[in-house]
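Given next are the chains, with one letter for each unit.
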Amino acid sequence: MSSALTDLFPLPIVQAPMAGGVAVPQLAAAVSEAGGLGFLAAGYKTADGMYQEIKQLRGLTNRPFGVNVFMPQPEHAESGAVEVYAHQLAGEAAWYETELGDPDGGRDDGYDAKLAVLLDNPVPVVSFHFGVPSREVFDKLRRAGTFTLVTATTAEEARAVERAGADAVIAQGVEAGGHQGTHRDLPENDGSGLGLLALVAQVREAVRIPIVAAGGIMRGGQIAAVLAAGASAAQLGTAFVAAHESGAHALHKQALTNPLFARTELTRAFSGRPARGLVNRFLREHGPYAPAAYPEVNHLTAPLRKAATKAGDAQGMSLWAGQGHRMARELPAGQLVEVLAAELAEARTALSAWPDRPRPGGEQR
């Protein structure tokens, strides 16, 4: 079953579908052309906006690529908590001379319309974040010739992915930058996420479908590690944020290795859902009391984030990054894929050259 995934692209390297303007067609095309699997992010776009990017990407490469779709979110946020948070953000709005966004800006991210486009104009790969589609959706995509993946952050979620009929699961460790793809956003679970290697090992024992490992991977040696742990491929996001073709703002790219931003933290400050980003002023000041309210908080803070970006103020931007951000390399995406592949090959060679050593009692391995 694993070959159904790895036959799509020669190198076990997947570029994460980073929403918010990072995963642009130029980046996805460069990764796919280099032998990895490039991805577009449909999140926060209209169905037509997604379709136009797919058309643009198809004009840049004939290689397989993927499109990531956000699942609709259930209504569980308390309106009172969102109102309180809006009041607490009033000073930010005044500082940036803008209005707060409308928290009731929609919950489904155009899910049905995007699915309709992807069924009418099939792409090689589709992945889902923030939940699991129905078996009917997977069946339709499979009939259209599309390979499907779903993010999971626990072995239990991975089992749900397999039961629903997805072709593969993305095991996302707590090290990952951006939003955690938990299927249910439960505040009581904040801070309980598993590290990637522990998660891959647990998921490998829980399901039979292929695994793509995601979370903090920045070097080829780490790719070798997750492959050895049972994954079929590795998904890298932060490693590609600094790539030349990335659509990330220059301040975001620079912040990855700027000593001013020494660490990352999971926060609800910008979106109302746990997401890992570089610790800046906004995260420090608002993270402690941001409510569990996605996408309401995401809508609410959108004008603030846009104004901070326009002002060139990295202290007010959502600087999504994984724990390995200090290892980012500013390279063309295709060259980065080549470097990662060379590091992977070197790590595999080193592992295969490791001598057999006597076990206790004199047995050889």
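Residues numbered from 1 in each chain as written. Predicted model: local features only at pLDDT ≥ 70, side-chain atom pairs only at ≥ 80, totals over all residues. Heavy atoms only, no water.

**What to know about the layout of surface pockets**
At step 1: One number sums up the size of the largest pocket: a volume of about 1,000 Å³.
At step 2: Those elements giving two or more residues to the lining of the largest pocket turn out to be strand S3 (65–70), strand S4 (125–129), strand S6 (168–172), strand S7 (178–179), strand S9 (233–236), helix H11 (238–241) and helix H14 (296–311).
At step 3: Residue classes in the lining of the largest pocket are distributed as 20 nonpolar, 21 polar and 2 charged.
At step 4: Roughly 470 Å³ of volume is contained in the second largest pocket.
At step 5: The element contributing the most residues to the lining of the second largest pocket is helix H8 (residues 155–164), with 3 residues.
At step 6: A per-class count over the lining of the second largest pocket returns 6 nonpolar, 11 polar and 5 charged. (1 Å grid on protein atoms, 1.4 Å probe; cavity = no way out; pocket = protein on both sides within 12 Å on 5 of 7 lines; lining within 4 Å. Points joined across faces, edges and corners; volume = space filled by probe spheres on them. Helix = DSSP H or I, 4+ residues; strand = E, 2+ residues; numbered from the N terminus. Nonpolar A, V, L, I, M, F, W, Y, C, P; charged D, E, K, R; others polar.)

**Focus: the pairing of strand S2 (residues 38–41)**
At step 1: Going residue by residue along S2, you find Gly-38 and Leu-40 tucked away on one face and Phe-39 and Ala-41 tucked away on the opposite face as well.
At step 2: Read from S2 through helix H3 (residues 47–58) to S3, the crossover connection turns out right-handed. (Buried < 20%, exposed > 50% of the residue type's maximum accessible area, 1.4 Å probe, protein only. Right-handed = clockwise from strand over helix to strand, strands pointing away.)

**Points about helix H9 (residues 196–206)**
At step 1: Taken as a whole, H9 has its buried residues at Leu-196, Leu-199, Val-200, Val-203 and Ala-206. Taken down its axis, H9 places every buried residue within 130 degrees of arc, on the same side.
At step 2: In this fold, the buried residues of H9 make contact with strand S5 (147–152), H8, S6, strand S8 (211–214) and helix H10 (220–228). (Arc of directions from axis to C-beta. Contact = heavy atoms within 4.5 Å.)

**Details of the packing of aromatic side chains**
At step 1: Tallied over the entire structure, the rule returns 8 aromatic pairs.
At step 2: Aromatic side chains Phe-128 and Phe-138 sit 6.0 Å apart centroid to centroid with 90 degrees between the ring planes, which places their arrangement in the edge-to-face category. In this pair, Phe-128 is assigned in strand S4 and Phe-138 in helix H7 (residues 135–143), connecting sequence segments 10 residues apart. Pair check on accessibility: Phe-128 and Phe-138 agree, each one buried.
At step 3: Every member of this aromatic cluster is reached through a ring pair, and the members are Tyr-44, Phe-70, Phe-130 and Tyr-294. (Phe/Tyr/Trp six-rings, centres within 6.5 Å; stacked < 30°, edge-to-face > 60°.)

**Description of the pairing of S6**
At step 1: Most of S6 is tucked away: 5 of the 5 residues are buried.
At step 2: Side chains of S6 alternate between two faces, with Ala-168, Ile-170 and Gln-172 and Val-169 and Ala-171 buried alike.
At step 3: Across 4 bridges, the pairing between S5 and S6 is parallel. Each bridged residue has a counterpart across the sheet, and for Ala-152 the counterpart in S6 is Ala-171.
At step 4: Of the pairings in the sheet, the one linking S6 to S8 comprises 4 bridges and is parallel in character. (Pairing = 2+ DSSP bridges.)

**Digging into empty space enclosed by the protein**
At step 1: All chains considered together, the criterion is met by 1 cavity of 30 Å³ or more.
At step 2: Grouping the constituent residues of the lining of the largest cavity by class yields 7 nonpolar, 1 polar and no charged.

**Considering unusual backbone geometry**
At step 1: Residue Pro-295 follows Tyr-294 across a cis peptide bond; omega there is 10 degrees.
At step 2: For Pro-295, the position within the fold is in the loop between helix H13 (281–286) and H14.
At step 3: Although it is not a glycine, Tyr-44 adopts a positive phi angle of roughly 70 degrees.
At step 4: Its location among the elements puts Tyr-44 in the loop between S2 and H3.
At step 5: Here the phi dihedral of Glu-97 falls at roughly 55 degrees; this positive angle occurs in a residue that is not glycine.
At step 6: Within the secondary structure, Glu-97 sits in the loop between helix H5 (90–96) and helix H6 (111–120).
At step 7: A relative accessible area of 75% means that Glu-97 is categorised as exposed.

**What about the sheet that holds S7?**
At step 1: The strand order across the open sheet built from 3 strands is S7-S11-S10, with neighbouring strands paired in antiparallel fashion. Lying at the two open borders of the sheet, with one neighbouring strand each, are S7 and strand S10 (264–267).
At step 2: In this structure, S7 lies alongside strand S11 (residues 275–278), joined through 2 bridges in antiparallel fashion. Looking at S11, one finds that Gly-178 is bridged to Arg-276.

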